[in-house]
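Next come the chains, spelled out residue by residue.
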Amino acid sequence: MVLSTFNSQLIIAGPCAAESEQQVISTAKALAAIGVKYFRAGLWKPRTQPGTFEGVGEVGLQWLRRVKVETGMLVGTEVANAEHARLAVAAGLDFVWIGARTTTNPFAVQEIADVLKNNKEITVLVKNPMNPDVNLWVGAIKRLLKVGVEHVVAVHRGFFNAQCTMHNAQLSYRNDPYWYVPIELRRLMPKVPLLCDPSHIAGKKELVAGLCQKALDLDFDGLMIECHCCPELALSDIEQQLTPAHLKVILERLVVHERVDKDKELAELRSKIDSLDSILIDALAKRMHVSREIGEYKRQHNMPIVQTGRYNDVIQNRLELAEELGLSTDLVKQIYELIHEASVNAQCVESR
Ligand code: PEP
Ligand code: MN
């Protein structure tokens, strides 16, 4: 499947789970009517608790095929093991996704990769693992590329964070976006298209629109959004599914950015950033050098490496400086915590 776009962005939408043939068909038709070209519906649902709705399973493959025939949309579902992958391929699905819980497990990913070996037709979407470990995510993508799967796409769906529960403040997400993780994935794998799944980050429908815009602002290639013809009746993820009409409003309001960067003024500003960064790195290297000399001095004079009084003075002074210059003190504090940790580590190494 070659991915095409909606307003230059790739949009995949559909219910969290296929629940009945009627729910699948009416959701799909409503989505096709607003221009969505890719339809998702989970058939095998990995749930936290047993005894909850775990998906309709294999029977739903026929419903997805019906969507394909009747709407022309390309269709896909989640695969969590080799058997799911075999069934999805046999049913002629256009794409499958590996869910966050499965990406966390390299054996399961490998089993799925082995079934999809040399598959040039199907697109495989790989959601980020539950924990913010970019290497685990990259590793799962590599397992697919290594066996010859040609179309692999990454999907950012946020990360488990004990603080991000729905009991928290009004504006808390179900999963923490930790945007730096997908940004790092993109740096490591620039050719792999990157989508955002705002539904599983948000956990509630009111927060979906803002996350869609944020993803576009960060240059994501598209969105995978949960939509249900009657969200209030959904058997899973009831709080986060949108109606197709709501999705239409969100898509129409999205500000889509120009993706080709040919602006001269921007190039000049970037070159300023490049020189400032080189000053920063140079200063850091010099600082680390002095820090090693201090380590050596402490070792010769039998002094402890960390001296709390001195560390407090440093932080205090740098925060005051930051405030004077209108910099975020939170940011400067975080940076100094990292620098201090690196200095202490360097001094420990020296003194061994
Ligand atoms: C889903 O897309 O319905 C799903 C279960 O997602 P995740 O693996 O991101 O939790
Ligand atoms: Mn879901």
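Residues numbered from 1 in each chain as written. Chains lettered and ligands numbered in written order. Predicted model: local features only at pLDDT ≥ 70, side-chain atom pairs only at ≥ 80, totals over all residues. Heavy atoms only, no water.

### Here's the deal with the domain arrangement of the chain
Domain assignment breaks the chain into domain 1 (10-253) and domain 2 (264-351). Each of domain 1 and domain 2 has a C-alpha centre, and the two are 41 Å apart. (Domains from an automatic or database assignment.)

### Points about the coordination of the manganese ion (ligand 2)
Looking at the metal site, the manganese ion (ligand 2) is ligated by Cys 16 (SG), His 200 (NE2), Glu 226 (OE) and Asp 237 (OD), spaced 2.1 to 2.4 Å from it. Read N to C, the donor residues that coordinate the manganese ion (ligand 2) are spaced as C-x183-H-x25-E-x10-D. Here the residue Cys 16 occupies a position in the loop between strand E1 (10-14) and helix H1 (21-33), and Glu 226 occupies one in strand E8 (residues 222-226), the gap between them amounting to 210 residues. Accessibility classification places Cys 16 together with Glu 226 in one group, the buried group. (Donors = N, O, S within 2.8 Å, 3.2 Å for Na, K, Ca; no water. Helix = DSSP H or I, 4+ residues; strand = E, 2+ residues; numbered from the N terminus. Buried < 20%, exposed > 50% of the residue type's maximum accessible area, 1.4 Å probe, protein only.)

### Topic: the pairing of E8
Among the five residues in E8, five count as buried, and that is most of the element. The alternating pattern of E8 places Gly 222, Met 224 and Glu 226 and Leu 223 and Ile 225 on opposite faces, both of which are buried. Relative to E8, E1 runs parallel, the two being bridged by five bridges. Residue pairing for E8: Leu 10 is matched across the bridge by Gly 222. Looking at chain direction, strand E7 (residues 194-196) and E8 are connected through two bridges and run parallel. (Pairing = 2+ DSSP bridges.)

### Digging into the nonpolar core
Counting 69 residues, the largest nonpolar core has Phe 39 and Leu 247 as its most contacted members. Broken down by element, this core gets its largest block of residues, six residues, from helix H6 (residues 134-146). Membership of the second largest hydrophobic core comes to ten residues, among which are Tyr 38, Phe 95, Trp 97 and Leu 125. (Core = buried A, V, L, I, M, F, W, Y, C linked by side-chain atoms within 4.5 Å.)

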